[in-house]
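# Notes for the structure review
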Amino acid sequence: MVQAGDDADGVRVDRRTAVGSAAPISRSDIVNLDAVALAGAIRSRRVSCVEVMTAYLDHIDEFNPRVNAIVALQDREALLVQARERDAEYSRGESLGPLHGFPHAVKDLQAVKGIRTTQGSPILKDFVPPADSPMVERLRRAGAIFIGKTNTPEFGLGSHTYNPVYGATRNAYDQSRSAGGSSGGAAVSLALRMVPVADGSDYGGSLRNPAGWNNVFGFRTSIGCVPSDSQDGWLPSMGVLGPMARTVPDLAMLLSVQAGYDAHAPLSMDGAGSRFRGRLQRDLRGMRIAWCGDFNGYAPHEPGVIDVCKKALKTFECLGCSVEEAQPDYPLDAVWQAVLRLRSWQQGNMLLPFYNDPAKRALLKPEALFEVEMGRRLSAFDISAASVVRTEWYHAVQRFFERYDYFIIPTAQLFPFDIDMDWPHEIAGHKAATYHEWMKATLLVTMSGCPALAAPAGFSDSGLPIGIQIVGPNRSELGCLQLAYAYELATDWTHARLPPLLI
């Protein structure tokens, strides 16, 4: 093993995440490398792309049957052919990018050319896209080899990964529990070291809830940070794309590939994604952090969640930050009612072509029918009024950031629930009226438009993970990464507490 030091991007490299040139490289060595270290090992030819692919596929063969996180797994020999091509490229002095030779499984909401993309729906169970989505195209250009997909709920609806095509994905830490969602397959694949990094998407917490429930990192980015393939580029969904990883440097590396201006996406942010590979060290002394907790009881939490997350706040205090309890000044129920309207309009519009076909409508799950039918009852004036509330809430949160640099809340309102549940119908004695009411706190963050980085916070007394969301002002992705990196160095949860299956 090498001694700890700084890599080319100024990120601290831990001795556990780099392989020395003289050391024999086992499957365990390879899959336990963090992604930045793996890229370095491939780049320096200490390990070949074929060795990396073989190690990951063997590891997937052993662990995936226990959790069902990776679906549509591709033929081994065909993948090894691609890995040999990556090795040949390096032999010629050609590097495609940061993900050169990385085995990668794309969330099953994104189109990958030639690989079945079902979105968890029986309607699309045999659909094979003729082309990559824009985000997938960027991953391919950066050198990723697509080994399959990661499992997701039907059309990404709900924060619990199960569907009638592939079944349920089990939590990495307790296989009787939910993996979260909708990027549940991605989070479990990461936690169990079946992929180096993972992509995901987030509307109501889909990058944050599963990250917290599987002890990894997920990053809901600002709208436009990662260009989307929405059919309507001028009225975008509140859903965004983003990275998941086991470390913050890995998160930044993947985001650097995903992010950047795209002329096909008119609202995408200016600038290249490479800006996120800058130095992550930052002096946090004097940083002002607000703890919003359960939003003064508006978003009830299961007993124990708040306690674990409040303990995590002490780390920020030790880093020199000031932490105090505070709330944005705005009526939250108005925000929630606006969430319901905007979500049903946006999600329902996406599903409407299926709904209008009686044969396909019969295959939609109740949550999909709920979104379409609620959306159909809305007028354009209803949508405009809800959007005004969203804007007012954004301004209220921006005023909040005049007092604080960041605010923090839990990644979910409860610990991972039983895998056989459809969704929690009650939290702490409060009955839920909709399938996503238990995601109310994450949806409030969604409505603010702010980036929110999910980081591990700790574990319940029974060993179930939960996380915190580090929420920053609009377009403050680099600042969120820097704050999370300092927190990670102080806690190191992803290495300190491995899933029991790996021990």
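Residues numbered from 1 in each chain as written. Predicted model: local features only at pLDDT ≥ 70, side-chain atom pairs only at ≥ 80, totals over all residues. Heavy atoms only, no water.

## Some details on helix H15 (residues 477–491)
Condition: Secondary structure elements follow DSSP: runs of H or I no shorter than four residues count as helices, runs of E no shorter than two count as strands, and numbering proceeds from the N terminus. Expected span of a helix: the number of residues minus one, times 1.5 Å. The buried label goes to any residue with under 20% of its type's maximum accessible area, the exposed label to any with over 50%, and the partly exposed label to all in between, with areas taken from a 1.4 Å probe on protein chains only.
The first and last C-alpha atoms of H15 sit 21 Å apart over 15 residues, in line with the 21 Å expected at 1.5 Å per residue. Of all 15 residues in H15, 11 are buried, a share of seventy percent or more. All of the buried residues along H15 are Glu 477, Gly 479, Cys 480, Leu 481, Gln 482, Leu 483, Ala 484, Tyr 485, Ala 486, Tyr 487 and Glu 488. Positive phi appears at Asp 492, one or two residues downstream of H15, with a value of about 55 degrees.

## Observations concerning the sheet that holds strand S4 (residues 103–107)
Applied cut-off: Strand pairing requires that DSSP identify at least two bridges connecting the strands.
With respect to topology, three strands assemble into an open sheet ordered S3-S5-S4, the strand pairing being mixed. Of all strands in the sheet, those with a lone pairing partner are strand S3 (70–71) and S4, marking the two edges. The sheet contact formed by S4 and strand S5 (residues 145–150) spans five bridges and is parallel. Within S5, the residue paired with Val 106 across the bridge is Lys 149.

## Quick look at the environment of Ala 457
Threshold: By the convention used here, residues are in contact when the closest approach between their heavy atoms is within 4.5 Å.
With respect to the helices and strands, Ala 457 occurs in strand S16 (residues 452–459). Owing to a relative accessible area of 5%, Ala 457 belongs among the buried residues under this scheme. Counting along the chain gives 152 residues from Ala 457 to Val 305, while the straight-line C-alpha distance between them is 9.6 Å. Not counting residues within four places of it along the chain, the set of residues in contact with Ala 457 comprises Val 308, Cys 309, Ala 312, Ile 466, Gly 467, Ile 468, Tyr 487 and Trp 493.

## Overview of the environment of Phe 155
In this fold, Phe 155 is placed in the loop between S5 and strand S6 (162–163). A C-alpha to C-alpha distance of 8.6 Å links Phe 155 and Thr 118, two positions 37 residues apart in sequence. Dropping the residues within four chain positions of it, Phe 155 is found in contact with Leu 109, Gln 119, Ser 121, Leu 124, Met 350, Leu 351, Phe 354 and Leu 364.

## Observations concerning the packing of aromatic side chains
Under the convention used in this document: Under the pairing criterion, centres of Phe, Tyr and Trp rings, with the six-membered ring standing for Trp, must be within 6.5 Å; the plane angle then separates stacked pairs below 30 degrees from edge-to-face pairs above 60, leaving the rest tilted.
In this structure the tally under the stated criterion is 12 aromatic pairs. Seen from their ring centres, Phe 316 and Tyr 487 are 4.9 Å apart, and the 5 degrees between their planes marks the pair as stacked. Separated by 171 residues along the polypeptide, Phe 316 in helix H9 (residues 305–318) and Tyr 487 in helix H15 bring together distant segments of the chain. The pair formed by Phe 316 and Tyr 487 is uniform in burial state, with each residue classed as buried. Summarising the aromatic geometry, the rings of Phe 459 and Trp 493 are spaced 5.5 Å apart at their centres and angled 55 degrees between planes, so their arrangement reads as tilted. With a gap of 34 residues between them, Phe 459 in strand S16 and Trp 493 in helix H16 (residues 493–496) connect regions that are remote in the sequence. Here Phe 459 falls in the buried class, since its relative accessible area comes to 11%.

## A short note on the pattern of salt bridges
Stated formally: Throughout this description, the term salt bridge denotes a Lys or Arg side-chain nitrogen within 4 Å of a carboxyl oxygen of Asp or Glu.
Under the definition given, this model contains 18 salt bridges. One salt bridge in this structure joins Arg 141 and Glu 137, with 2.9 Å as the shortest N-O distance. Here Arg 141 pairs with Glu 137, and both are found in helix H5 (residues 134–141), just four residues apart, close to one helical turn. With a relative accessible area of 40%, Glu 137 lands in the partly exposed category. Notably, a salt bridge pairs Glu 437 with Lys 440, separated by 3.8 Å at the nearest N-O pair. Exposure remark for Glu 437: the relative accessible area of 17% places this residue in the buried category. Several salt bridges converge on common partners, so that one network encompasses Asp 58, Asp 61 and Arg 76.

## Some remarks on the packing of helix H13 (residues 380–400) against helix H14 (residues 440–448)
Applied cut-off: Axis lines are fitted to C-alpha atoms, over the contacting stretch for helices. Their N-to-C directions set the angle, which ranges from 0 to 180 degrees. These descriptions rest on fixed angle ranges, namely under 35 degrees for roughly parallel, over 145 for roughly antiparallel, 65 to 115 for roughly perpendicular, and the rest for oblique. Amino acid classes used here: Ala, Val, Leu, Ile, Met, Phe, Trp, Tyr, Cys and Pro are nonpolar; Asp, Glu, Lys and Arg are charged; the rest, including Gly, are polar.
Put simply, H13 and H14 touch, their axes get as near as 8 Å, and they point 90 degrees apart. Considering their axes alone, H13 and H14 lie roughly perpendicular with respect to each other. Residues Arg 390, Trp 393, Tyr 394 and Val 397 of H13 lie in contact with H14, whose contacting residues are Leu 444, Met 447 and Ser 448. Residues that form the contact of H13 with H14 fall into these classes: five nonpolar, one polar and one charged.

## Some points on the confidence of the model for the protein
Caution applies to low-pLDDT regions: their predicted coordinates should not be interpreted in detail. Where we set the bar: Residue-level confidence of the predictor, termed pLDDT, takes values from 0 up to 100.
Mean pLDDT over the protein: 94, with 95% of residues reaching 70 or higher. Here residues 1–18 scores under 50 on pLDDT; set against residues more than four positions off or in separate chains, the count is 38 contacts.

## Topic: unusual backbone geometry
Here the bond from Gly 181 into Ser 182 is cis, since omega is 5 degrees, no more than 30 degrees from zero. If you trace the backbone, Ser 182 turns up in the loop between strand S7 (167–168) and helix H6 (184–191). A positive phi angle, close to 55 degrees, is found at Asn 296, a residue other than glycine. Relative to the elements of secondary structure, Asn 296 occurs in the loop between strand S11 (288–291) and H9. With a phi close to 70 degrees, Arg 475 is a non-glycine residue in the positive phi region. Examined against the element boundaries, Arg 475 turns out to sit in the loop between strand S17 (465–471) and H15.

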